Amino acid sequence: DERTRIGAVKKRLREHPGREKQLWAALAKQPFETGLAAQGLTGVEVLARLDYPKYFDLAQRDLPANRAGILDRLAEEKLIAPKGGDTFDITNLGALLFAKHLAEFSGLGRKAFRVIRYRGVSRVETLHERISTHGYASDFETLVGYVNGQVPRNEVLGDALRREFQMYPRVAIRELVANAMIHQDFTVSGTGPMLELFDDRMEVSNPGLPLIDPLRFIDHSPRSRNEMLANLMRLLAIGEERGTGFDKVVTAIEAFQLPPPDIRQDTTHTRVILFALQEPTKMNRMDRIRACYQHCCLLYVSNRRMTNTSLRERLKIDVSNVSAASRIIRETVEAHLVKPEDPTNTSRKHVRYVPFWA
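What comes next concerns the included structure. Keep in mind the model is a prediction, meaning the values are calculated, not measured.

## Comments concerning the overall build of the chain
Counting secondary structure elements, the chain contains 12 helices and 15 strands. Relative to its full complement of 358 residues, the chain shows a buried share of 47%. In the chain, of all internal contacts separated by at least 6 residues, the share reaching a separation of at least 24 is 59%. Carbon and sulfur atoms form 49% of the exposed surface of the chain, whose accessible area is close to 18,500 Å².

## Let's talk about the pattern of salt bridges
Applying the stated rule across the entire model yields 23 salt bridges. The residue R201 makes a salt bridge to D200 at a minimum N-O spacing of 2.9 Å. Overall, R201 belongs to the buried group, its relative accessible area being 14%. By relative accessible area, which is 32% here, D200 ends up partly exposed.

## Describing the sheet that holds strand β11 (residues 201-207)
What the 6 strands build is an open sheet, ordered β7-β6-β10-β11-β13-β12; its pairing is mixed. Two strands close off the open sheet at either side, each with one partner strand: β7 (126-131) and β12 (262-265). Sheet twist, expressed as the mean angle between neighbouring strand axes with direction ignored, is 15 degrees. Taken together, the 4 bridges between strand β6 (residues 114-118) and strand β10 (residues 194-197) define a ladder with parallel strand orientation. If you follow R117 over to β10, its bridge partner there is L197. In this fold helix α7 (residues 170-182) packs onto β10, β11 and β13 (269-275), with an angle of close to 20 degrees to the strand it touches most, β11.

## Some words on the sheet that holds strand β4 (residues 80-84)
Read across the open sheet, the 3 strands follow the order β3-β5-β4; overall the sheet is antiparallel. Only two strands of the sheet have a single neighbouring strand rather than two, namely β3 (36-41) and β4. On average, each strand axis in the sheet is tilted by 15 degrees relative to the strand beside it, whichever way the strands run. Judged from the 4 bridges that link them, β4 and strand β5 (residues 87-91) form a sheet pairing that is antiparallel. Across the sheet, residue A81 finds its bridge partner in β5, namely D89.

## Focus: the packing of aromatic side chains
Tallying each qualifying case throughout the model produces 7 aromatic pairs. Consider the rings of Y55 and F56, whose centres lie 5.0 Å apart with planes at 75 degrees: the pair is edge-to-face. Exposure class is identical for Y55 and F56. Each is buried. Look at Y118 and F198: their rings are 4.8 Å apart centre to centre, the planes differ by 20 degrees, and that puts the pair in the stacked class. Highlighted residues: Y118 in strand β6 and F198 in the loop between β10 and β11, separated in sequence by 80 residues. F198 gets classed as buried once you look at its relative accessible area, which sits at 0%. The residue whose ring lies beneath R201 is F198, and the NZ or CZ to ring-centre distance is 3.7 Å.

## Things to note about the environment of S224
Inspection of the secondary structure puts S224 in the loop between β11 and α8 (227-235). For the pair S224 and H183, spaced 41 residues apart in the sequence, the C-alpha separation amounts to 6.0 Å. Setting aside residues up to four positions removed in sequence, S224 forms contacts with I182, H183, L211 and A230. At 3.1 Å, the side chain of S224 and the backbone nitrogen of N226 are in polar contact.

## Points about the environment of Y353
Mapping Y353 onto the fold places it in strand β15 (residues 353-355). As a C-alpha pair, Y353 and I329 span 24 residues in sequence and 8.9 Å in three-dimensional space. Residues within four places of Y353 in sequence aside, it is in contact with C296, R305, M306, I329, V333, K339, P340, E341 and R348.

## Topic: the pairing of β13
The buried fraction of β13 amounts to 6 of the 7 residues, a majority that puts the element mostly inside the structure. Note that β11 and β13 share 7 bridges and pair antiparallel. Counted as the bridge partner of M202 is L274 from β13. Both β12 and β13 contribute to a ladder of 4 bridges, which runs antiparallel. Within the sheet, the bridge partner assigned to D262 lies in β13 and is I273. Linkage of β12 to β13, two consecutive antiparallel strands, is achieved through a turn of 3 residues.

## Here's the deal with the nonpolar core
By size, the foremost hydrophobic cluster in this structure holds 91 residues, and its most contacted members are Y168 and M202. Residues within four places of M202 in sequence aside, it is in contact with V147, V151, Y168, I173, L195, E196, L197, V272, I273 and L274.

About the thresholds
- Residues numbered from 1 in each chain as written.
- Predicted model: local features only at pLDDT ≥ 70, side-chain atom pairs only at ≥ 80, totals over all residues.
- Heavy atoms only, no water.
- Helix = DSSP H or I, 4+ residues; strand = E, 2+ residues; numbered from the N terminus.
- Buried < 20%, exposed > 50% of the residue type's maximum accessible area, 1.4 Å probe, protein only.
- Contact = heavy atoms within 4.5 Å.
- Areas by Shrake-Rupley, 256 points an atom, 1.4 Å probe, with all protein chains shown as cover.
- Salt bridge = Lys/Arg side-chain N within 4 Å of Asp/Glu carboxyl O.
- Pairing = 2+ DSSP bridges.
- Axes fitted to C-alpha atoms, helices over the stretch in contact; angles between N-to-C directions.
- Phe/Tyr/Trp six-rings, centres within 6.5 Å; stacked < 30°, edge-to-face > 60°.
- Lys NZ or Arg CZ within 6 Å of the ring centre and 35° of its normal.
- Polar contact = N/O pair within 3.5 Å; in protein donor to acceptor, adjacent residues only side chain to side chain.
- Core = buried A, V, L, I, M, F, W, Y, C linked by side-chain atoms within 4.5 Å.

What follows is the structure, encoded as structure tokens:
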């Protein structure tokens, strides 16, 4: 009678099917992508269920002249598994990326990407909801386009002309959507990646906890629990696999002069939050510290260093208010997130700072 630890107590494993599923999946060490979403199909049935023209379009390959050539190519990419004769299985990788209807594949329907637009700043009233019915790769551009269409716009008056700007950078939205797909934990049942849009923020979440410390998202070498999915999405020009995806997000956020992204975790999910435009003076202490740390990391990985001047430019602090930037840097040093590059330097005027891990 197998037992597992739930909190501080050991309990029967069979009484906790969710934990049991996760443990057996870990023990099997079989990549989720190689699991089978559908079995014993004919070639005609495979092509009826998968959006194979989209694969060849994204891969920038010519569509083979016959069905056998198409099936051979799908098998090479591990999207399907030949079983002999005219019999094939569709892998989870194939269904997740190119399903015409995800709900047709048992267990994958709940992995569809959801987008919810709320009224106001709470989840009380839903204005719009979109649930992707197609595979991630097939639907990606349409999905990102839909999100961009739902994002509020800021109106800016300059040179006597009113111009509208999308509140959140398109590149940040694209990277976060791709990351939520790629880095999710497929052993967490009944839930999938989701983007929620409020008047004051955007939250992008996925099942599973990150494999690296969120404080190291900007500089750390890439790690993915779904390597086959990550690799193929990169080859299809959808996702990053070089560890620069979050760098792009933070860089774009800084360019838009937005508050710094926040990364939060609960027991089963990871959530990245983008905040709407606000005056730096209205940021709370933790927002300012996070902005300072992320700014310092971005400069360091670009072989540059953070200074009082660079932080003032990042947070739009007036040149006459050097002390405000100094206070934020001091708070971030006290939080053990940044440090002086040269601890022996006694001059405070030209101090350069690096992340705590440098």
